[in-house]
Amino acid sequence: MANSLPTEFDVVVIGTGLPESILAAACSRSGQRVLHLDSRSYYGGNWASFSFSGLLSWLKEYQQNSDIGEEGSTAWQDLIYETEEAITLCRKDETIQHTEVFCYASQDVNDNIEETDVLQKSPSWVASSTLIKPLDSACLSEETHPLYVSSYEMSAKDTTKNNGEVTDAAETLVKEYCRYKTYKHTVSDGAKDETKPILEDNSDPPKRNRITYSQIVKEGRKFNIDLVSKLLYSQGLLIDLLIKSNVSRYAEFKNVTRILAFREGKVEQVPCSRADIFNSKDLTMVEKRMLMKFLTFCLDYEQHPDEYQAFVQSSFSEYLKTKKLTPNLQHFVLHSIAMMSDSPCTTIDGLKATKNFLQCLGRFGNTPFLLPLYGQGEIPQCFCRMCAVFGGIYCLRHKVQCLVVDKESGRCKAIIDHFGRRISAKYFIVEDSYLSEETCLNVQYKQISRAVLITDQSVLKAESDQQISVLIVPPVEPGACAVRITELCSSTMTCMKDTYLVHLTCSSSKTAREDLESVVKKLFTPYAETEIDKEELKKPRLLWALYFNMRDSSGVSRSSYNGLPSNVYVCTGPDCGLGSEHAVKQAETLFREIFPSEEFCPPPPNPEDIFFDGDDKQPEPSGTSNIVMAKLESSEGSKNLESPGKHLQN
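- In the nomenclature of an unreviewed UniProt entry, the protein chain corresponds to Rab proteins geranylgeranyltransferase component A from the organism Camelus ferus.
- The record in UniProt for the protein chain states the following under Function (unreviewed entry): "Substrate-binding subunit (component A) of the Rab geranylgeranyltransferase (GGTase) complex. Binds unprenylated Rab proteins and presents the substrate peptide to the catalytic component B. The component A is thought to be regenerated by transferring its prenylated Rab back to the donor membrane."
- According to its UniProt record, the protein chain has this under Subcellular location (unreviewed entry): "Cytoplasm, Cytosol".

Spelled out as structure tokens, the structure:
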């Protein structure tokens, strides 16, 4: 199949993260011949979403920390001419560090679980990525050659249903640590049936459904676990781009149902809209009037510079104290509406964030945020599909060994893949993680601390158990970063029934576990067979946890990279922000640099207005047109009828 791949393109894109996928779609839409490559076996890169078994397989890939498949690669050194030089690319992804896995859920002795050797030298509940047995290479794919998909080959099943899962065969090799032991579980084809929760024998209230680790494994396909936790502002750049380009038809979305605050050791719901404020029982009438007055001012604060001009150099928290807001309201505005920390947030930044929050209210619901069903990894795949619709070609598991640079012009002219095949192009777009250590020698990266938790109930109980919540936990120490928490219920198609998927994110100062474990202990209690005191019983029980650090390359300028040709453009990975504004801005900026006269992701043409060569001579009968877009729309429509989500419209 690789032999049939064309050798000349207009644009070669390496990496399938969000900014690269947007760029590939924009280039393909403007009529460019696009080749989109990824050395991974899944779409999205660090923006991907995984099933539970897929996530464990992803961890194993990092644990191996070796160049898989490099033995069969053709030596590129012999393929470089005297008039050329090569820029080698990184052979392994080093953007994820300090992975640690905790399993707190009990193991049902009646389940078909095979206990294996314990590799830990000292008793611990921790199972880091280095303790997970690697997958056998034969299980990674039924085929060892790369796949490439053209516009007529990419189907809905191949993209959105994949959800970034590394391999279906990984289901049979799920292996994880519980307490001091390691378990191996084999899942049969019939494991898709729902497992009914078993009630605990303990008669002491409150009674909860008993979730075992084997249940999580069996229901693993119902999880869609994001590597990066993001939400979509309803008036944000990504929403506008999805609607403008009509890519939104490939995905479905849900509203975030509530904004929460953590104050004095308690979780409270924050009133957002006018109706919420006046219906709130946590605020006095005076506080309601004060809050409404301040929020009204924030909506057009630029028109009243005299109100804040004297505090431009002050922090937003200091400014809030001058507005006669109670400590309760100050906390709500700072951490749950502006979603800022104390020290780094200036008055102008806080007012802008508050205005943005308020402007996003009401467009799709009573909170400012949306999230895609089936995980954040759906969004890059949607743009990949748009690229394929307009002729883009996709190759997963396709490694690129080097960029070939012409010495005389200093421009990149081609790439050499692991087959030794030379592919020429005019422009090259590379994701930061593919660049070698030599190229990134002067780059200073930041880090993001991430935690993914599986719990048995919400951090704040409500009448409905299908709540989607955002919570900001303020820093305990001055100068520290706040921790952002996103809690997802099963209706988001990201976790199994009777569980919640919880994402924690903050800027790194230490390892992810050191940064986030204190917050986890405040809000959750580890699952235990023997129940503990009643105060701890009120907290959700923690069933499983993953900690890891992710590289944040969003603040790196192009000048920091060594020796990049002028026609090679770099896309960065996910940033620490709540939205995806940086990725959209970067994609649009790079597109305008490459094609200044082209429109960025214009609306697709009406299929009825598309004419093929020869249509005017011999028109085709109705219903026989081979328009790819219509075919994709049809396949998507069947899915949309069954999904609980909704589509975006102007």
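## Some details on unusual backbone geometry
Inference 1: The phi dihedral of Asn-246 is positive, around 65 degrees, even though this residue is not glycine.
Inference 2: The partly exposed category is assigned to Asn-246, whose relative accessible area is 28%.
Inference 3: Even without being a glycine, Asp-498 presents a positive backbone phi close to 70 degrees.
Inference 4: The residue Asp-498 is located in the loop between strand E26 (483-488) and strand E27 (500-507) in this model.
Inference 5: For Asp-498, a relative accessible area of 23% puts it in the partly exposed group.

## Focus on the sheet that holds strand E14 (residues 232-233)
What holds strands together in a sheet is hydrogen bonding between their backbones, with the strands either parallel or antiparallel.
Inference 1: Strand order in the open sheet made by the three strands is E14-E18-E15, with antiparallel pairing throughout. Looking at strand neighbours, the two that pair on one side only are E14 and strand E15 (253-255), the edges of this open sheet.
Inference 2: Bridging between E15 and strand E18 (residues 369-372) involves three bridges; their strand directions are antiparallel. In the sheet register, Phe-253 faces E18, and the bridge partner there is Pro-372.

## Notes on the side chain of Gln-32
Inference 1: Residue placement: Gln-32 occurs in the loop between helix H1 (18-29) and strand E2 (34-38).
Inference 2: Those residues in contact with Gln-32 that lie beyond four places of it in its chain are Asp-10, Val-11, Cys-27 and Phe-595.

## Some remarks on the packing of helix H9 (residues 327-337) against helix H10 (residues 347-359)
Inference 1: At a closest axis distance of 10 Å, the pairing of H9 and H10 adopts a crossing angle of 75 degrees. Taken together, the axes of H9 and H10 lie roughly perpendicular to each other. Together, Val-333, Ser-336 and Ile-337 of H9 and Ala-353, Thr-354 and Phe-357 of H10 make up the contact between the two elements.

## Describing the packing of helix H5 (residues 237-245) against helix H11 (residues 378-389)
Inference 1: With their axes 12 Å apart at the nearest point, H5 and H11 run at an angle of 30 degrees to one another. Considered as vectors, H5 and H11 are oriented roughly parallel to each other. In terms of crossing hand, the pair formed by H5 and H11 is left-handed. Each of Leu-238, Leu-241, Leu-242 and Ser-245 in H5 lies in contact with H11, whose residues at this interface are Ile-379, Phe-383 and Met-386.
Inference 2: Class assignment for the residues of the contact of H5 with H11 results in six nonpolar, one polar and no charged.

## Considerations on the nonpolar core
Inference 1: Ranked by size, the top nonpolar core spans 102 residues in total, and within it Phe-52, Phe-294, Phe-316, Phe-369, Leu-504 and Trp-544 carry the most contacts.
Inference 2: A total of eight residues in this core trace back to one element, the largest contributor, which is strand E29 (residues 541-552).
Inference 3: Phe-316 has contacts with Phe-294, Val-333, Leu-334, Ala-338, Cys-345, Thr-346, Thr-347, Gly-350, Leu-351 and Thr-354, leaving out every residue within four places of it along the chain.
Inference 4: Among the nonpolar cores identified, the runner-up in size contains 48 residues, and Ile-239, Ile-243, Leu-396 and Ala-583 belong to it.

## Considerations on H1
Inference 1: With 12 residues, H1 should cover 16 Å at 1.5 Å per step; its first-to-last C-alpha distance of 16 Å lies within 8% of that length.
Inference 2: Most of H1 sits out of view: 12 of its 12 residues are buried.
Inference 3: Turning to H1, its buried residues number three or more, namely Leu-18, Pro-19, Glu-20, Ser-21, Ile-22, Leu-23, Ala-24, Ala-25, Ala-26, Cys-27, Ser-28 and Arg-29.
Inference 4: Looking one or two residues beyond H1, the residue adopting positive phi is Gly-31, at roughly 95 degrees.

## Some points on the pairing of strand E17 (residues 266-270)
Inference 1: Inspection of the sheet shows strand E16 (residues 258-263) paired to E17 by five bridges, in the antiparallel sense. Residue pairing for E17: Leu-260 is matched across the bridge by Gln-269.

## Details of the packing of aromatic side chains
Inference 1: Per the stated rule, a full pass over the model turns up 19 aromatic pairs.
Inference 2: Plain terms: the ring middles of Phe-102 and Tyr-547 are 5.7 Å apart, the flat faces sit at 80 degrees to each other, and that makes the pair edge-to-face. Of this pair, Phe-102 sits in strand E5 (residues 96-103) while Tyr-547 is found in strand E29, placing the two residues 445 residues apart along the sequence. For the residue pair Phe-102 and Tyr-547, the accessibility class agrees, reading buried in each case.
Inference 3: An aromatic cluster of three or more residues is present, and its members are Tyr-42, Phe-50, Trp-58, Tyr-62 and Phe-548.
Inference 4: The side chain of Lys-323 reaches across the aromatic face of Phe-297, ending 5.0 Å from its centre.
Inference 5: Against the face of Tyr-569 rests Arg-558, its NZ or CZ located 5.8 Å from the ring centre.

The rules we used
As a convention, each chain's residues are numbered from 1 in the sequence order in which they are written. Whole-chain, interface and lining totals are the exception, using all residues; otherwise, since this is a predicted model, local features are given only for residues with pLDDT of at least 70 and side-chain atom pairs are given and counted only at 80 or more. Note that the side-chain values use all heavy atoms of the structure and ignore hydrogens as well as water. UniProt positions are given in the numbering used here, feature names are shortened, and annotations may be inferred rather than shown by experiment. Partly exposed residues are those whose accessible area sits between 20% and 50% of the maximum for their type, while under 20% is buried and over 50% is exposed, using a 1.4 Å probe and protein chains only. Here a helix means four or more residues in a row that DSSP labels H or I, a strand means two or more in a row labelled E, and each is numbered from the N terminus. A pair of strands counts as paired when DSSP detects no fewer than two bridges linking them. In what follows, a contact means two residues having at least one pair of non-hydrogen atoms within 4.5 Å. In this analysis an axis means a line fitted to C-alpha atoms, helices contributing only their contacting stretch, and an angle means the value between N-to-C directions, from 0 to 180 degrees. Orientation is classified from the angle alone, with under 35 degrees giving roughly parallel, over 145 giving roughly antiparallel, 65 to 115 giving roughly perpendicular, and any other angle giving oblique. By definition, turning the near helix anticlockwise from the far helix through less than a right angle yields a left-handed crossing, and turning it clockwise yields a right-handed one. Each residue receives one of three labels: charged for Asp, Glu, Lys and Arg, nonpolar for Ala, Val, Leu, Ile, Met, Phe, Trp, Tyr, Cys and Pro, and polar for the others, Gly being one of them. Residues enter a nonpolar core if they are buried and are Ala, Val, Leu, Ile, Met, Phe, Trp, Tyr or Cys, with the set joined through side-chain atoms within 4.5 Å. Here the expected span of a helix is defined as 1.5 Å times the quantity of residues minus one. Planes of paired rings set the category: under 30 degrees apart is stacked, over 60 is edge-to-face and the rest tilted, where pairs are Phe, Tyr or Trp rings (Trp by its six-membered ring) whose centres lie within 6.5 Å. Over a ring means this: the NZ of a Lys or the CZ of an Arg is within 6 Å of the ring centre and within 35 degrees of the ring normal.

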